[in-house]
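Descriptive structure summary
These are the residues of each chain, in order.
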Amino acid sequence: MQEQTAGAEYTVEAKNVDFFYGKVQALFGVSLNIKIRHVTALIGPSGCGKSTFLRTLNRMNDTIRNTRVSGEILINGEDIYKEGMNVVKLRRQVGMVFQKSNPFPKSIFDNVAYGPRIHGQHDQQQLAEIVEKSLVDAALWDEVKDRLNDNALGLSGGQQQRLCIARALAVGPEILLMDEPASALDPKSTTKIEDLIGELREKYTIVIVTHNMQQAARVSDYTAFFYEGSLVEFDRTKKIFTKPKAKQTEDYITGRFG
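Overview of the structure. Treat the numbers as computed from the prediction; the structure is a model and nothing was measured.

**Details of unusual backbone geometry**
We note that N66 has phi near 65 degrees; this positive angle belongs to a residue other than glycine. Phi at E180 takes a positive value of approximately 50 degrees, unusual for a residue other than glycine. Structurally, E180 can be placed in the loop between β7 (175-179) and α7 (187-200).

Listed below in structure tokens is the structure:
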């Protein structure tokens, strides 16, 4: 287990997090500290709780009826489940990219400008600068700069996913959550997403759920292995993949189950 120290070294601190869908418990006492401007991968077999945990970090589970969370999740020292928490502000701070790209049926420009407009930015020059910067950061600008008014649905699958990353970046998050962002993409597009994650880690704290062991090993600094709703092991990725402490972790990584 990684040595846990207090202070600004961590963006996210989860403490004894339990989560329930109705009467069914999906997370059991998960405690996990996520380092600032590092990539943390969540791995484990289907149904192990990794996506549920990911969605606790920006309260996306709130949109599902009859769910309940206990424990603490602190972001920059603030309990995000405290009474009166501004969830809209939280989701601006903690952006999310989903497994399936979901661009709006609007122009490329309007897709990226959507979030800033919702948050009150209507100056066209400012919006143009935000859109360009976000598309540059998402490694998409050079491919679309001459067709910003085209419908985003005309982009390839890989381009659509990078557009969704640009859309998430446009509101200025500190943390980027990625739920299997490359699982629906071809190998070439997957490589672009992985390269992009490598660039984004310089500016953002990234948490990624992936079923792909090789991808976790390539893109992440730290890896958390979940099994049946519990966090089995959390450490530097290199250590998890070469010298895991738990036999369950070793069995999963070597393909003996899962």
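**What about the nonpolar core?**
Of all hydrophobic cores here, the largest spans 42 residues; its most connected members are L135, I165, L176, M178 and L200. In terms of residue count, helix α6 (residues 157-169) provides more of this core than any other element does, five residues in total.

**What about the pairing of strand β4 (residues 67-75)?**
Relative to β4, strand β1 (residues 10-21) is paired through eight bridges, and the arrangement is antiparallel. In the strand pairing of β4, F20 is matched with R68. Where β4 meets strand β5 (residues 78-79), two bridges bridge the pair, whose relative direction is antiparallel. Counted as the bridge partner of L74 is D79 from β5.

**What about the sheet that holds β5?**
Two modes of strand pairing occur in sheets, parallel and antiparallel, and in both the strands are linked by backbone hydrogen bonds. Read from one edge of the open sheet, four strands run β2-β1-β4-β5, paired in antiparallel fashion. Single-partner strands in this sheet number two, and they are β2 (24-35) and β5. Bridge analysis of β1 against β2 gives eight bridges, and the strand direction is antiparallel. Directly across from F20, in β2, lies its bridge partner Q25.

Calculation notes
- Residues numbered from 1 in each chain as written.
- Predicted model: local features only at pLDDT ≥ 70, side-chain atom pairs only at ≥ 80, totals over all residues.
- Heavy atoms only, no water.
- Helix = DSSP H or I, 4+ residues; strand = E, 2+ residues; numbered from the N terminus.
- Core = buried A, V, L, I, M, F, W, Y, C linked by side-chain atoms within 4.5 Å.
- Buried < 20%, exposed > 50% of the residue type's maximum accessible area, 1.4 Å probe, protein only.
- Pairing = 2+ DSSP bridges.

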